[in-house]
Amino acid sequence: MNEFISLMKPELIVTFIIFVLLFTKLGKGVKNSSLLNLIQVLLLLNFAAGFFFNKEGSLFGGMYHTDTLIAVQKNILSLGVYLISLLFADWFKKTEHLSEFFILLLSALLGMFFLISSGNFLMFFLSLELATIPVAAMANFDLHKKISSEGAMKFILSSAFSSGILLFGISLIYGATGTISFTELPALITASPFQILAFVFLFTAFAFKMSIVPFHLWTADVYEGSPMATTSFLSVISKGAVAFIFITVLYKVFQPMQEVWYNMIMLLSIITMITGNLFALRQQNIKRFLAFSSIAQVGFILVGISGNSPEGLTSVVYFVLIYVFSNLAAFGVAATISSNTGKENISDYKGFYQTNPFLTWIMALALFSLAGIPPTAGFFGKLFLLKSGAANANYLFITIAALNLIVSLYYYLRVIRSMFMDKNEEPIGKIKVQLSTKFGMYLCAAGIVFAGIFSWVYDYIQSLM
Amino acid sequence: MNLSILILVPLITAVAVLLTRTRQQVRWVSLIGAAIQIILSLLLFVYYRNEVAAGNTAQMLFQQNYEWFPALHIGFHLGVDGISVALIMLTAFVVIAGILVSWNIEKMTKEFYFLLLLLSVGAYGFFMSLDLFMLFFFLEIAVIPKYLLIGIWGSGNKEYSANKLALMLMGGSALVLVGLLGLYFTNPERTFDLLKLSTTHIPHNIQMICFPLLFIGFGVFSGLFPFHTWVPDGHSSAPTAGSMFLAGISMKLGGYGCLRVAVYLLPEGAKEYANLIIVLSVIGILYGAFVTMMQKDLKYINAYSSVSHCGFVLLGIGMLTKTAITGAVIQMVSHGLMTALFFAVIGMIYQRTHTRMIDEMGGLLKKLPFIITVLFIVGFCSLGLPGLSGFVAEMTIFMGSWQHPDMLHRIVTILACMSIVVTAVYILRAISKVAMGPMKATYSHLKDAAWNEKLAAVILLFGIIAIGVAPFWLNDLVRPGAEIIMQKITGG
């Protein structure tokens, strides 16, 4: 019993918070702002608790596995959720069903915790479903908007489809090897054609969740239709969680067939980067813009994964942490503008610097970090991903990736340009930023500036390998 | 001497600028920071000479080596040799002049100075880095401030120019990055440390791949033909201080990188590609000179002539002789000072006449004696008049080039010499149109340089004349560094 509590601590805390939120529905007339304060405090505690008493061990006959690295991965996700609760305060205060939103969000987070910890394909499948279905409801949260329902529908259909493929892949794996346990599988993987077929199906399911091209088609519509808080959750937390388990599955379970997946990852990485970048070039809506840019970012994560080394794993975890700060900051600014003025187009941002220098600088920092410009942390994140990818001495691949950085810089600079340089007679007026949003933005900015230059963040993650 | 101070001072100045409130404070904080920096760089020069005079023959002096990302073998490794000291002094001179020239900038003063100082942090760090990761870090730090400086405070087609500059420079640095990763993974120690890398032998085939990546990558920064197209657009759209920094400092990052990283670490690759480099740089020299003849805008004249003059830097590097490499470094310093001053003067004239077209000016010598006199001196420096720095630099490069007895090098050297004639034509034509002839009535109320402009001009003129009259101190400073690079090239 003690072991159960100490190993499953993160999951238990999240479950506890969900129950607390359920009970707040009992009392009538809890104001949104005080409820939000409560949620923020609980999530902060959840994040803080993630630092302590992390142990290594397995439960339920190997179904559930945790260690200090996994605990850090979970804590990165907790941090992201805490930042979401701060950054989107404007929208949270307006929404009618605040506690439901967070109950759904935390259920999805719970699913992701189990997902990262899973030691068995059955557990993996169950937790992936738990992490997906609540998000579909969250995507539909702007009830009065048709586009929101459309996005949610697309999300449900595409996730159902990918779940089907995943199950098919799992059953093929079981057929080929006779087991679905992560610990027993590596010894039985021989890269026979049948196993490769099974792996391709599994891979497809991952590709759906991480929106790797050509399985990305749902991304832009869902991102555009969902409320900004859901979009950011999908693009940061959900992608991060899947990337973590993806890397575990590849490095541990399918290590014996690494030549097979190295080539797949390399090809998909190239087309993902190129497609994401090319589509992001022309986007007008900031959400769609960030959606395609996040597809390109996933391409870079794949470069790091292709390294197939402990360094690759470290660089991916490190990159996801930085990505949490940078992308959430960008979404936070966009959401603050959107919920105060309803404007979501890049051309609306013209002359924004004249009226809102603070928000502009946060956005600029975030975009520079996403583009990988020093001294922001994104520079280090991108560089370490490329570095781990370069370990295979495949210079053509690395050159393509590096050149993609330039394309991505072009479109990030587009936003910067319209905020700083373009003239506008009637720029968006001065926006009053909520205190908690401001605090969240400062946190993100601090993360963007310091997580790179101060090497101990990277060293800490490295030390857990 | 503690080299970290040289990075910390501009960084602290930049942060202090952010904390100031009024425009007055912003200007004075920046000026004081830059003044401290120039004193430090002169101190560095003195200390360096003392060390060398005392018989310290180490390749890099004042080294500081800290671990930065120990798991990845990335260090924070600083150190200087004569070449770095020369370029650090150049940076300090240009920075203080740039700050003085933009004294009266009205729009977003605080941001302007912050970006200028951030750019200088990048330059100082770059010239002192002995770890290639750090070097790359500082190289890229310097790109985005340029973009914002041009895009926000620039003139003309500024958004286009800013974008072009940022993307081309980032493209260059992407190539550099791939080359650096190649170096990292082919040495058995897995290190980015320049000194360690220089002692390990890098296989020939890797050199053949990495050298062009690194040389072209850094070459983009210094306007290597055919990657020079950002130079004229960027320079002509930038605000005065931006142009000064771009041409005076930023283009030197490229030359220094070519020399210190590409040629020094990959000597075999350098030998294989040397002919290509010199051909490209001579094309750049001649092309730049001839295009300049056709320009009517003063900034375009100086921008294209920068392509031509930076071609000399690459020519000197490509010649792979000790004298030519020394000449290339002297040319970097000389051109940095000269072109910064040229842009400063153009800025001063533009502020008064509100035009940069030489056809619309005339007879300004009467009204602006100080500014136009400086313009004359700079022009003469540009066309290589003895007694000024340009002559020393170009002469040294030609002497180094002539040491090769074969046909190609002879032809290339003669062609490069001929460009000086073309330079004389366009410089004299432009200056005479601006300074002499009948003066427009609208210019009769113009006032000559203010104290800040005079100070900026005097600081840069001091450098130009000091090198021109007494080139030996710069020569002595640079030669040991060039010798070490040559040893590596001839030794294999």
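Only a predicted model underlies this, so the values are computations on that prediction, with no experimental measurement involved.

A. The overall build of chain A, seen in detail. Within chain A one finds 21 helices and two strands. A globule of 465 residues ought to have a C-alpha radius of gyration of about 23 Å, and chain A, at 21 Å, matches this closely. Its C-alpha atoms give chain A principal-axis dimensions of about 65 × 55 × 45 Å. Within the span of chain A, comprising 465 residues, buried residues form 58% of the whole. In chain A, of all internal contacts separated by at least 6 residues, the share reaching a separation of at least 24 is 81%.

B. Region of the structure containing the packing of helix α17 (residues 357–371) of chain A against helix α20 (residues 435–453) of chain A. All names here are of chain A. Closest axis-to-axis distance for the α17/α20 pair is 10 Å, and the angle between their directions is 35°. Considering the relative orientation of α17 and α20, their crossing is left-handed. Where α17 abuts α20, its residues Ile-362, Leu-365, Ala-366 and Ser-369 lie against Met-441, Cys-444, Ala-445 and Ile-448. The residue inventory of the contact of α17 with α20, partitioned by class, reads seven nonpolar, one polar and no charged.

C. Focus on the pairing of strand β2 (residues 74–80) of chain B. Residue and element names in this part refer to chain B. Burial analysis of β2 places six of its seven residues in the buried class, the great majority of the element. Inspection of the sheet shows strand β1 (residues 61–69) paired to β2 by six bridges, in the antiparallel sense. The residue of β2 that forms the bridge with Tyr-66 is Phe-76. Counted between consecutive antiparallel strands, the loop separating β1 from β2 contains four residues, among which His-73 sits at a positive phi close to 60°.

D. View of the interface of chain A and chain B. Taken together, the contact pairs 27 residues of chain A with 25 residues of chain B. Those elements giving two or more residues to the side of chain A that touches chain B turn out to be α18 (377–390), α19 (395–420) and α21 (456–463) of chain A. Per element, the largest residue contribution to the side of chain A that touches chain B is twelve residues, and it comes from α19 of chain A.

E. Highlighting the environment of Leu-119 of chain B. All names here are of chain B. Among the structural elements, Leu-119 can be located in helix α4 (residues 109–128). Along the backbone, Leu-119 and Leu-246 are 127 residues apart, and their C-alpha atoms lie at a distance of 9.6 Å. With residues up to four places along the chain from it excluded, the contact list for Leu-119 reads Ala-142, Pro-145, Lys-146 and Phe-245.

F. Summary view of helix α7 (residues 158–186) of chain B. A rise of 1.5 Å per residue sets the reference length of α7 of chain B, with its 29 residues, at 42 Å; its end C-alpha atoms lie 42 Å apart and thus fit the reference within 8%. With 23 of its 29 residues buried, α7 of chain B lies for the most part within the structure.

G. Summary view of the environment of Gln-59 of chain B. Residue and element names in this part refer to chain B. Along the polypeptide, Gln-59 turns up in the loop between α2 (23–53) and β1. Residues Gln-59 and Leu-195, spaced 136 residues apart in sequence, show a C-alpha to C-alpha distance of 9.0 Å. Setting aside residues up to four positions removed in sequence, Gln-59 forms contacts with Asp-81 and Ile-484.

H. Representation of the packing of helix α15 (residues 310–341) of chain A against α17 of chain A. All names here are of chain A. It is at 8 Å that the axes of α15 and α17 come closest, and there the two elements cross at 145°. Read as a crossing pair, α15 and α17 show a hand that is left-handed. In this structure, α15 uses Ile-322, Ser-326, Asn-327, Ala-329, Ala-330, Val-333 and Thr-336 to contact α17, whose residues at the interface are Leu-359, Ile-362, Met-363, Leu-365, Ala-366, Leu-367, Ser-369 and Leu-370. Looking at the contact of α15 with α17 residue by residue, the classes come out as eleven nonpolar, four polar and no charged.

I. Structural context of the confidence of the model for chain B. Mean pLDDT over chain B: 88, with 100% of residues reaching 70 or higher. Both scores are available for the predicted complex, with the pTM at 0.92 and the ipTM at 0.90.

J. Spotlight on the nonpolar core. Ranked by size, the top nonpolar core spans 372 residues in total, and within it Ala-329 of chain A together with Ala-97 and Leu-341 of chain B carry the most contacts. Considering every element that reaches this core, the biggest residue donor is α15 of chain A, with 19 residues. If we skip the residues at most four places from it in the chain, Leu-341 of chain B touches Val-374, Val-378, Ala-457, Leu-460, Leu-461 and Ile-464 of chain B.

So, how was this worked out
Residues numbered from 1 in each chain as written. Chains lettered and ligands numbered in written order. Predicted model: local features only at pLDDT ≥ 70, side-chain atom pairs only at ≥ 80, totals over all residues. Helix = DSSP H or I, 4+ residues; strand = E, 2+ residues; numbered from the N terminus. Rg over C-alpha atoms; globule rule 2.2 N^0.38 Å. Buried ≥ 20, exposed ≤ 12 C-beta atoms within 10 Å, placed from the backbone. Contact = placed C-beta atoms within 7 Å. Axes fitted to C-alpha atoms, helices over the stretch in contact; angles between N-to-C directions. Left-handed = near helix turned anticlockwise from the far one by under 90°. Nonpolar A, V, L, I, M, F, W, Y, C, P; charged D, E, K, R; others polar. Pairing = 2+ DSSP bridges. Expected span 1.5 Å × (residues − 1). pLDDT = per-residue confidence, 0-100. Core = buried A, V, L, I, M, F, W, Y, C linked by C-beta atoms within 7 Å.

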